[in-house]
Amino acid sequence: MKQYAIKGGNPLVGDVEIAGAKNAALPILAAAAMTDETVYIDNIPDVRDINVMLDTMRNIGVAVKRTGRHSVMLNGGNITNLTVDDESCKKIRGSYYLLGAFLGKYKYAEVVLPGGCDIGCRGIDQHLKGFRALGAEVVIEHGLIKARAERLRGSHIYMDKVSVGATINIMIAATLAEGMTIIENSAKEPHVVDVANFLNSCGANVRGAGTDVIRIRGVAKLHGGEYTIIPDQIEAGTFMFAAAVTKGDVTVKNVIPKHLESITAKLLEIGCEVEEADDCVRVVSSKPLMHTQVRTLPYPGFPTDMQPQMTVALALARGTSIVTESIFENRFKYVDELVRMGADIKVEGGDTAIIDGVARYTGASITVPDLRAGAALVIAALTAEGFTMVDGIQYIERGYEDFYIKLQNLGAQIELVETEKDYQKFRLKVG
Ligand code: EPZ
């Protein structure tokens with residue numbers, strides 16, 4: 001079984017290039033199938049969730065050609081199957097964007113109920129509410145979400161909850177509805193804006209993405225084009241926190257610093273230095289980390305996808321910190337593993353972590369419960385005394401491209417091992 005073997009202690013130093021945003025790429029790939037013309041997409045991250053999505057799209061008749069490691073050519077002109085139910089796509093969340101795309105294009109779609117990381121109950125009621133408001137009949141039967149409409153008509157939709165997925169899915173479907181759709185209380189994440197920009201580059205008329213009111217004037221059809229995905233805000237934030245926790249000096253390249261503002265603000269608060277340039281940020285951590293309080297919030301608040309990385313840093317900070325998770329109800333599962341590494345954290349009421357900073361982590365055998373927690377636990381191991389074995393790294397591979405290789409290039413002592421022999425070799429190498 002594949003695991004990471006890590007010997008902690010080295011500060012991370014150097015430059016790291018950030019890949020394209022997974023959570024922008026998933027809906028953009030789905031939306032690319034809404035035109036019968038060819039679409040070229042660049043800066044696609046080479047991660048498992050994206051590769052599953054591309055396989056799923058191939059299986060239903062979308063022509064998919066990888067033109068490079070990070071680029072793909074798609075043509076949705078010969079889609080043969082509007083039922084998306086293959087086994088692998090059950091495991092990813094992004095497959096539900098095919099519902100919005102096909103409902104818009106064909107007025108009909110059947111997509112398996114989505115999976116994704118197990119971080120609490122992940123409702124889809126707001127997606128369904130939006131599709132119904134556009135005139136679709138939606139039912140859940142035999143594990144499939146089935147949506148059908150005679151005609152899709154623009155509508156005024158108020159989201160009861162700020163949801164990235166529902167905002168994007170409704171925006172995608174409404175692109176090909178008749179008339180104007182207004183989505184109120186929409187999510188403002190950078191990837192919502194990126195999807196809107198992509199749709200507009202293919203002839204859609206979407207205004208206001210990035211604010212809490214999005215207006216979509218439906219168009220009759222979309223055309224092909226070329227588009228480059230934005231850099232991954234969460235991968236960037238993860239490396240920024242890796243620098244902070246390991247007392248390193250890392251320049252995180254190919255980023256949009258504006259998207260990282262809440263992350264930068266928290267790093268400054270806990271005592272790091274952060275320098276911003278046009279498309280990179282440098283994080284230097286030379287002083288003891290300080291305690292603080294954090295609450296995860298929709299953008300521009302502190303992202304829930306950075307909550308475990310923040311907790312890993314605060315568990316080494318002086319004093320008592322409090323982290324409150326307000327987006328997902330079960331996102332502290334990794335805390336048990338961190339406690340096994342010596343952290344002093346109590347989770348109260350499922351949504352609040354009370355953290356008393358300790359001087360150091362100690363290496364242990366740990367298991368990753370989900371994608372972002374996995375990256376955070378690896379960061380903890382990089383600064384732990386002794387060796388850590390990390391199990392469940394398939395979760396990390398869902399969303400981080402070349403994670404351990406990028407860390408190696410920054411000086412981390414981390415290796416992908418599959419056998420006891422590999423592990424012993426690693427131990428000999430790092431001493
Ligand atoms: C997206 O999930 C991301 N996933 C998540 O990233 C991210 O944590 C999340 O947005 C928040 O930023 C993808 O983009 C594939 P939501 P999504 O709809 O769209 C509730 C990662 O690590 N809700 O904004 O599923 C929901 O239960 C992953 O890359 C409803 O109640 O998140 C949650 O409490 C993990 N009804 C909150 O809203 C709905 O219909 C926010 O969910 C929809 C959501």
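Structural data are supplied above this passage.
In this report, the structure presented in the accompanying data block is examined. (Residues numbered from 1 in each chain as written. Predicted model: local features only at pLDDT ≥ 70, side-chain atom pairs only at ≥ 80, totals over all residues. Heavy atoms only, no water.)

**Digging into the site of the ligand**
Definition in use: By convention in this text, a residue qualifies as near a molecule or strand provided that one of its non-hydrogen atoms is within 4 Å of it. Counted as a polar contact is a pair of N or O atoms within 3.5 Å, where, for protein atoms, one must be capable of donating a hydrogen and the other of accepting one, and residues adjacent in sequence contribute only when both atoms are in side chains. What sets the accessible areas is the Shrake-Rupley method with a 1.4 Å probe; for residues, cover comes only from the shown protein chains. Only protein atoms enter the 1 Å grid used here. Points where a 1.4 Å probe fits but cannot escape make up a cavity, open sets with protein on both sides within 12 Å along at least five of seven lines make up a pocket, and a residue lines them when an atom lies within 4 Å of a point. Any molecule with more than half of its atoms within 2 Å of a cavity's or pocket's grid points is regarded as sitting in that cavity or pocket. Helix and strand assignments come from DSSP, with helices taken as H or I runs of at least 4 residues and strands as E runs of at least 2, each series counted from the N terminus. For this classification, the nonpolar set comprises Ala, Val, Leu, Ile, Met, Phe, Trp, Tyr, Cys and Pro, the charged set comprises Asp, Glu, Lys and Arg, and every other residue, Gly included, is treated as polar.
Residues in contact with the ligand amount to 25 residues; listed here are only the nearest, Asp-125, Gln-126, Ser-163, Asp-305 and Ile-327. One nitrogen or oxygen atom from the main chain of Val-164 is found 2.8 Å from an oxygen atom belonging to the ligand. In isolation the ligand has 820 Å² of accessible area, and contact with the protein removes 92% of it. Judged by its atoms lying within 2 Å of the grid points, the ligand is housed in the largest pocket. Within the residue set of the shell around the ligand, elements represented by two or more residues are α1 (22-32), α4 (125-133), α5 (164-174) and α11 (371-383). Counted by class, the shell around the ligand contains 10 nonpolar, 7 polar and 8 charged residues.

**Side note on the layout of surface pockets**
How we decide: Grid points are joined across faces, edges and corners, and a volume is the space filled by probe spheres set on the points.
The calculated volume of the largest pocket comes to roughly 1,100 Å³. Lining the largest pocket are 44 residues, and of these Arg-122, Val-164, Gly-165, Ile-327 and Phe-328 lie nearest its centre. Of all elements in the fold, only α1, α4, α5, α7 (233-245) and α11 reach the threshold of two or more residues within the lining of the largest pocket. Across the lining of the largest pocket, the residue classes tally to 17 nonpolar, 13 polar and 14 charged. Around the second largest pocket, the lining is made up of 10 residues, and of these Arg-48, Asp-49, Lys-91, Ile-92 and Arg-398 lie nearest the centre. At the level of elements, α2 (48-59) and α12 (394-397) are the ones that each hand at least two residues to the lining of the second largest pocket. For the lining of the second largest pocket, a count of residues per class yields 3 nonpolar, 3 polar and 4 charged.

**Thoughts on empty space enclosed by the protein**
Going through the model one piece at a time under the given rule, you end up with 3 cavities of 30 Å³ or more. Taken as a whole, the largest cavity spans an internal volume of roughly 80 Å³. Lining the largest cavity are Ala-21, Lys-22, Asn-23, Pro-190, His-191, Ile-230, Pro-231, Asp-232, Gln-233, Ile-234 and Arg-372. At the level of elements, α1, α6 (190-201) and α7 are the ones that each hand at least two residues to the lining of the largest cavity. Along the lines of polarity and charge, the residues of the lining of the largest cavity split into 5 nonpolar, 3 polar and 3 charged.

**Thoughts on the sheet that holds strand β17 (residues 280-284)**
Selection rule: Any two strands between which DSSP finds at least two bridges are classified as paired. Axes here refer to lines fitted to C-alpha atoms; in helices the fit is confined to the stretch in contact. Angles between the N-to-C directions go from 0 to 180 degrees. A contact between two residues is defined here by any heavy atoms of the two lying within 4.5 Å.
Read from one edge to the other, the open sheet built from 4 strands follows the order β2-β15-β17-β16, with strand pairing classed as mixed. Either end of the sheet is taken by a strand with one partner, and the two such strands are β2 (13-17) and β16 (273-276). Averaged over all pairs of adjacent strands, the angle between strand axes in this sheet comes to 15 degrees, irrespective of strand direction. Contacts from helix α8 (residues 261-269) reach β16 and β17 within the one sheet, and its direction differs from that of β16 by about 145 degrees.

**A word on α7**
For clarity, the threshold we go by: What a helix is expected to span follows from its residue count: subtract one and scale by 1.5 Å. Throughout this description, buried means an accessible area under 20% of the type-specific maximum (1.4 Å probe, protein chains only), exposed means over 50%, and partly exposed covers the range between.
Spanning 13 residues, α7 covers 18 Å between terminal C-alpha atoms, matching the ideal 18 Å at 1.5 Å per step. The element α7 is extensively covered by neighbouring structure, given that 13 of its 13 residues are classed as buried. Capping the start of α7 is the job of one residue whose side-chain oxygen sits 2.9 Å from the backbone nitrogen of Ile-234: Asp-232.

**A word on the pairing of strand β3 (residues 38-42)**
Burial along β3 is one-sided: Val-39 and Ile-41 are buried, while Thr-38, Tyr-40 and Asp-42, pointing the other way, are not. Bridge count for β3 against strand β5 (residues 71-75) is 5 bridges, and the pairing is antiparallel. Of the residues in β5, the one forming a bridge with Tyr-40 is Met-73. Here β3 runs beside strand β14 (residues 225-228); their pairing, made up of 4 bridges, is parallel. The residue bridging Val-39 from the neighbouring strand is Gly-225, located in β14.

This is a description of form; function is not addressed.
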